[in-house]
Amino acid sequence: MSPREVLSGYPVPFVGHRVSLSKRESIESCLETMNVSSLICSFPLAVLQLRQLFGSAVPAFPPRFYLAMTRSMADERWSQLEQYLQDVTLDSNITNSDVFRGFFQKLQQDTFKIQTQRAFLDVYFADGSNIRLEIQTSDTAERILEVTLCKMGLSRELIKYFSLFFFQDHDNGALSGVKKVAEFELPFVSLQSMKELHCKLGIRKWYLDPSLDTLLMDCTASLNFYMQAIQEVERNWVKPTEEQMQELEFLQKKANKVKLLELIREMQFYGYVRIDPCICDFPEEGCSADIFVGNNETHCCIKQPTNQTKGVSFKINRLRSWQVTFLVSTSLILYLNALFLHEN
């Protein structure tokens, strides 16, 4: 079985440093789980319609093989199609178009044979509480996010500061982010594809600049910030100093939420998303690493064979490209590989 890229609806990295995310489960993203034959047969028509709307902004569709394909040719064809989909989804004008969204809505529903009908969907907050929404199975993530914000009492203008994520709770209390939900994705359908992973749909603030917190502290969104900040401390997503931990315990006893949030915002990795522990080949093969993404950087806390920990940061604006692939071990266990190319 050859490696396959995971398509997640937004640009992916190619790496000078290889990071192997040692996930045992096959974490299927929205596009990876779709019906391949339907995708190959129907997408050229959608591309033609998109080209009529956006002209040369839509890249040319990969050429077909007209002769019988070998296994390597089939793998190459699949890689070309995946790369093409990633290139197309880089342009938000395209992904926001009715043609693109209509195509992927139908493709997602056809893959899992889910008709449009009324259903209930739970959206979880950082403290573990949730709200239950009455939705249509064909509702996009963008629509569900709007309804969730409305239920929270927040204005639609704040939607750009939040996003939906799929999370996985582990028996040891750890929480890992599976993926950010693409705006055109159908969360109800995606959850059906990830039943074995016992994933939950959650809402979190979503921006890479923690200083934006100050713009929203006076609105009702501040409660969500507080819950998310406390969760990041409890789940070890932030790295407080010993002095900060002592002050944190004092403020918790005083129930001073404002001061407590201000303190957490000063802690290392506040506002970052933490990825599950990985195996990487930098600075040498076999190193383990904790990956933190936020504040316009990807930070790797790498544990070397000497048991020393080395911190390495890669600025996001210097990432040229990235990709994520599935690798299969001899015991048929799937592992997730992330690669990115970084300019020094």
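Report on the accompanying structure. (Residues numbered from 1 in each chain as written. Predicted model: local features only at pLDDT ≥ 70, side-chain atom pairs only at ≥ 80, totals over all residues. Heavy atoms only, no water.)

**A look at unusual backbone geometry**
At step 1: Phi is positive for K113, which is not a glycine, with a value near 50°.
At step 2: Positionally, K113 belongs in the loop between α4 (98–112) and β2 (118–124).
At step 3: Its identity as a non-glycine residue notwithstanding, N307 has a phi of 70°, on the positive side.
At step 4: What makes N307 exposed here is its relative accessible area of 57%. (Helix = DSSP H or I, 4+ residues; strand = E, 2+ residues; numbered from the N terminus. Buried < 20%, exposed > 50% of the residue type's maximum accessible area, 1.4 Å probe, protein only.)

**Description of a negative patch on the surface**
At step 1: On the surface, a cluster of negative charge is made up of E243, E247, E262 and E266.
At step 2: Here E266 falls in the exposed class, since its relative accessible area comes to 60%. (Patch = residues over 30% accessible without salt bridge, like charges linked within 9 Å, V, L, I, M, F, W, Y side chains within 5 Å. Areas by Shrake-Rupley, 256 points an atom, 1.4 Å probe, with all protein chains shown as cover. Salt bridge = Lys/Arg side-chain N within 4 Å of Asp/Glu carboxyl O. Lys, Arg positive; Asp, Glu negative; His and termini not counted. Charge placed at Lys NZ, Arg CZ, Asp CG, Glu CD.)

**Looking at the environment of T111**
At step 1: With respect to the helices, strands and loops of the structure, T111 is situated in helix α4.
At step 2: When the C-alpha positions of T111 and V189 are compared, they lie 9.2 Å apart, and in sequence the two are 78 residues distant.
At step 3: Of note is the side chain of T111, whose polar atom sits 2.7 Å from the backbone oxygen of L107. (Polar contact = N/O pair within 3.5 Å; in protein donor to acceptor, adjacent residues only side chain to side chain.)

**Regarding the pattern of salt bridges**
At step 1: Enumeration according to the criterion identifies 10 salt bridges in this entry.
At step 2: Of the charged contacts, one joins D75 and R71 as a salt bridge, the two residues approaching to 3.7 Å between their closest N and O atoms. Here D75 and its partner R71 are both found in helix α2 (residues 71–88), four residues apart, which amounts to about one turn of the helix.
At step 3: We classify D75 as partly exposed; its relative accessible area is 25%.
At step 4: E134 is the partner of R118 in a salt bridge, and the nearest nitrogen-oxygen pair spans 1.9 Å. One end of the pair, R118, is in strand β2; the other, E134, is in strand β3 (residues 130–136), with 16 residues separating them in the sequence.
At step 5: The exposure class of E134 is partly exposed, given its relative accessible area of 46%.

**A word on helix α5 (residues 141–151)**
Residues spaced three or four apart along an α-helix point in a common direction, a consequence of the helix completing one turn every 3.6 residues.
At step 1: Of the residues making up α5, those classed as buried are A141, I144, L145, E146, T148 and L149.
At step 2: Buried positions along α5 lie against β2, β3, β4 (162–169), α6 (187–193) and β6 (199–205).
At step 3: Just beyond α5, the residue with positive phi is G153, at close to 80°. (Contact = heavy atoms within 4.5 Å.)

**What to know about the pairing of strand β8 (residues 287–294)**
At step 1: Counted residue by residue, β8 has six buried out of eight residues, so it is predominantly covered.
At step 2: Sheet topology note: the strand β7 (residues 273–280)/β8 ladder contains six bridges and is antiparallel. By the bridge assignment for β8, C278 is matched with A289.
At step 3: Between β7 and β8, which follow one another and run antiparallel, lie six residues, and G286 among them has a positive phi close to 85°.
At step 4: Pairing analysis gives seven bridges linking β8 to strand β9 (residues 297–303), with the strands arranged antiparallel. Note that in β9 the partner of I291 across the bridge is C300.
At step 5: Connecting β8 to the antiparallel partner β9 that follows it, the hairpin turn spans two residues, and N295 within it adopts a positive phi of roughly 50°. (Pairing = 2+ DSSP bridges.)

**Quick look at the packing of aromatic side chains**
At step 1: A complete count under the given rule lists nine aromatic pairs for this structure.
At step 2: Both rings, one in F269 and one in Y272, keep their centres 5.4 Å apart while their planes meet at 70°; by these two values the pair is edge-to-face. Grouping residues by exposure puts F269 and Y272 together as buried.
At step 3: Three or more aromatic residues link up through ring pairs in this structure, and these residues are F100, F103, F104 and F184.
At step 4: The ring of Y124 carries K200 above its face, with NZ or CZ at 4.7 Å from the centroid. (Phe/Tyr/Trp six-rings, centres within 6.5 Å; stacked < 30°, edge-to-face > 60°. Lys NZ or Arg CZ within 6 Å of the ring centre and 35° of its normal.)

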